[in-house]
Amino acid sequence: MLLILRVLRSGVLHGYAIAQRIHVLSAEVLHVEEGALYPALQRILLKGWATSEWGVSETGRKVRFYRLTPAGRKQLDAELSAYDRVHEAIQAVLRTA
């Protein structure tokens, strides 16, 4: 969820573009599978963190475009804060164990 919300913060994207953006930005380390992406996007929509509308992709296909809502921006901030806390805790263990 965190990565999807973060990618959507930069603008409106369709599902495949979200997956590709995560893949490219992670230096091709992370692969987002459709079986994980679309259920996560559905949960994001149900929680009101994004809206969607149908449109046509750059390749001419009918796709659903997702846009972050103000509630989604707030959730992203909360998830980034939680991630930072966990990351710092893991780093502390790695430094001192």
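Everything that follows concerns the structure shown earlier in this document.
(A) Geometry of the pairing of strand β3 (residues 62-68). In the sheet, strand β1 (residues 13-14) pairs with β3 via 2 bridges, with the strands oriented antiparallel. Within β3, the residue paired with His14 across the bridge is Phe65. As judged from the 7 bridges shared by strand β2 (residues 50-56) and β3, these two strands associate in the antiparallel manner. Paired with Trp54 across the two strands is Arg64, which belongs to β3. The hairpin turn running from β2 into β3, its antiparallel successor, is 5 residues long, and Gly60 in that turn takes a positive phi close to 90°.

(B) A positive patch on the surface, seen in detail. A cluster of basic side chains, namely Arg6, Arg9, Arg21 and Arg73, defines a positive patch on the protein surface. Summarising the element assignment, Arg21 is placed in helix α2 (residues 15-25). A residue is classified by how much of its surface remains accessible, and Arg21, at 36% relative accessible area, is partly exposed.

(C) Local environment of the nonpolar core. Ranked by internal contacts, the top residues of the largest apolar core, which has 20 residues, are Ile4, Leu8 and Ile18. Listing elements by their share of this core, those giving two or more residues are α1 (2-9), α2, α3 (34-46) and β3. Excluding residues that lie within four positions of it along the chain, Ile4 makes contacts with Ile18, Ile22, Leu37, Ala40, Leu41 and Ile44.

Basis of the calculations
- Residues numbered from 1 in each chain as written.
- Predicted model: local features only at pLDDT ≥ 70, side-chain atom pairs only at ≥ 80, totals over all residues.
- Heavy atoms only, no water.
- Pairing = 2+ DSSP bridges.
- Helix = DSSP H or I, 4+ residues; strand = E, 2+ residues; numbered from the N terminus.
- Patch = residues over 30% accessible without salt bridge, like charges linked within 9 Å, V, L, I, M, F, W, Y side chains within 5 Å.
- Areas by Shrake-Rupley, 256 points an atom, 1.4 Å probe, with all protein chains shown as cover.
- Salt bridge = Lys/Arg side-chain N within 4 Å of Asp/Glu carboxyl O.
- Lys, Arg positive; Asp, Glu negative; His and termini not counted.
- Charge placed at Lys NZ, Arg CZ, Asp CG, Glu CD.
- Buried < 20%, exposed > 50% of the residue type's maximum accessible area, 1.4 Å probe, protein only.
- Core = buried A, V, L, I, M, F, W, Y, C linked by side-chain atoms within 4.5 Å.
- Contact = heavy atoms within 4.5 Å.

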